[in-house]
Amino acid sequence: QRRLPRERLLYLGDTARLPYGTKSAATVRRYTQVNLEFLAQRGVKAVVVACNTASALALDSLDHPAGALPVWGVIEPGAVRAAAATRNGRIGVIATESTVSSDAYGAALRRIVPELAIWSQPCPLLVPLIEEGWLDDPVTAEVARRYLEPLLAHEIDTLVLGCTHYPLLAPLLSRIAGDRVVLVDSAAAVSEQVATELAHRGLLAVARQPDSAAAPAADSADAG
């Protein structure tokens, strides 16, 4: 909304089937395809797969309606930003179990800079804690510290927040990681990619659109 204030946004969050990060790849692909079709039926001109797990496991297998709907994920933009941010070439990734198992961020980072050293840490307890609203709680802080310690031991200077939920913990994670570690939020990176590519395709809204809409709660779809 901040980057593209003239656009009308339809947000679809799959609270019924959350979390995606512990589900099989086949299940994530099936859910993501249904989500895409749900949005396409409502006449959207482009789709952002804002879930890191769905981006990692399903993006390449999606059947785009009519083959003409632009669809972007968050992995590649986040990797590009992390590769640009690192100063010592040592990058940590925190993500769901499925995203870490897929090595989506590691593969994307190595395509950009093959010499990068990358360590990934699955953090299965963070999403439930965030869903509970425990964003600045001693329990969440201790869990996050235990997840980050192995990465910090490798002297990373860049940390990819590889789950849509994790930026909500950015203040807490920054305190644990310290000032020398840059946090990379792939959401900010993908918003720039979407703006650039919509302009390239001639799809940018030229006038202010009505306020962003939310999909009906009974119609489930994507999160992660």
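Presented here is a report on the structure given in the accompanying data block.

Turning to helix α8 (residues 170-177), a few remarks are in order. All of the buried residues along α8 are Leu 172, Leu 173, Ile 176 and Ala 177. Down the axis, α8 shows its buried residues gathered within 125° of arc, on one side only. The exposed residues of α8 that point more than 90 degrees off its buried face are Pro 171 and Arg 175. In this structure, the buried side of α8 is in contact with β4 (90-95), α7 (138-152), β6 (158-162) and β7 (182-185). Once α8 finishes, Gly 178 follows within two positions and takes phi at roughly 95°, a positive value.

Glancing now at the side chain of Thr 53. Among the structural elements, Thr 53 can be located in helix α2 (residues 52-58). A polar contact is formed between the side chain of Thr 53 and the side chain of Thr 99, at a distance of 3.2 Å.

Under the definition given, this model contains seven salt bridges. Linking Lys 45 and Glu 7 is a salt bridge whose minimum nitrogen-to-oxygen distance equals 2.8 Å. Taken together, the positions of Lys 45 in the loop between α1 (25-40) and β2 (47-49) and Glu 7 in the segment before β1 (10-11) put the pair 38 residues apart, joining distant regions of the chain.

Let's shift gears to the pairing of β4. Most of β4 is tucked away: five of the six residues are buried. Pairing of β4 with strand β5 (residues 117-122), which is carried by six bridges, proceeds in the parallel orientation. Opposite Ile 91, over in β5, you have Ile 118 as the bridge partner. As paired strands, β4 and β6 are joined by five bridges and run parallel to one another. Paired with Ile 94 across the strands is Leu 161, a residue of β6.

So, about the sheet that holds β5. Taken together, four strands build an open sheet; the order of strands is β5-β4-β6-β7 and the sheet is parallel. Each edge of the open sheet carries a strand with a single partner, namely β5 and β7. The mean angle between the axes of side-by-side strands here comes to 25°, regardless of whether they run parallel or antiparallel. Taken strand by strand, helix α9 (residues 186-201) contacts β6 and β7, and its axis lies near 50° from that of β7.

Below, the discussion takes up the state of the cysteines. A full pass over the atoms with the stated rule returns zero disulfides. Of all cysteine sulfurs, the one in Cys 163 lies closest to Cys 51, which takes part in no disulfide; the gap is 7.0 Å. In this structure Cys 123 is a free cysteine whose sulfur lies 9.0 Å from that of Cys 163, the closest cysteine sulfur available. Residue classification places Cys 123 among the buried positions, given a relative accessible area of 2%.

This next bit is on the packing of aromatic side chains. Any aromatic ring pair is given by two values, namely how distant the centres are and how the planes are angled relative to each other. Following the criterion strictly, the structure yields one aromatic pair and no others. Measuring from centroid to centroid gives 5.7 Å for Tyr 20 and Tyr 31, while their planes differ by 50°, and the two rings are tilted. Of the two residues, Tyr 20 sits in the loop between β1 and α1 while Tyr 31 sits in helix α1, which places them 11 residues apart along the sequence. Looking at Tyr 20, the relative accessible area reads 0%, which means it is buried.

Take the environment of Val 194 next. Tracing the chain through its elements places Val 194 in helix α9. Separated by 13 residues in sequence, Val 194 and Val 181 have C-alpha atoms that sit 27 Å apart. With residues near it in sequence (within four places) discarded, Val 194 still touches Leu 4, Val 48 and Trp 72.

Criteria and cut-off values
- Residues numbered from 1 in each chain as written.
- Predicted model: local features only at pLDDT ≥ 70, side-chain atom pairs only at ≥ 80, totals over all residues.
- Heavy atoms only, no water.
- Buried < 20%, exposed > 50% of the residue type's maximum accessible area, 1.4 Å probe, protein only.
- Helix = DSSP H or I, 4+ residues; strand = E, 2+ residues; numbered from the N terminus.
- Arc of directions from axis to C-beta.
- Contact = heavy atoms within 4.5 Å.
- Polar contact = N/O pair within 3.5 Å; in protein donor to acceptor, adjacent residues only side chain to side chain.
- Salt bridge = Lys/Arg side-chain N within 4 Å of Asp/Glu carboxyl O.
- Pairing = 2+ DSSP bridges.
- Axes fitted to C-alpha atoms, helices over the stretch in contact; angles between N-to-C directions.
- Disulfide = S-S within 2.5 Å.
- Phe/Tyr/Trp six-rings, centres within 6.5 Å; stacked < 30°, edge-to-face > 60°.

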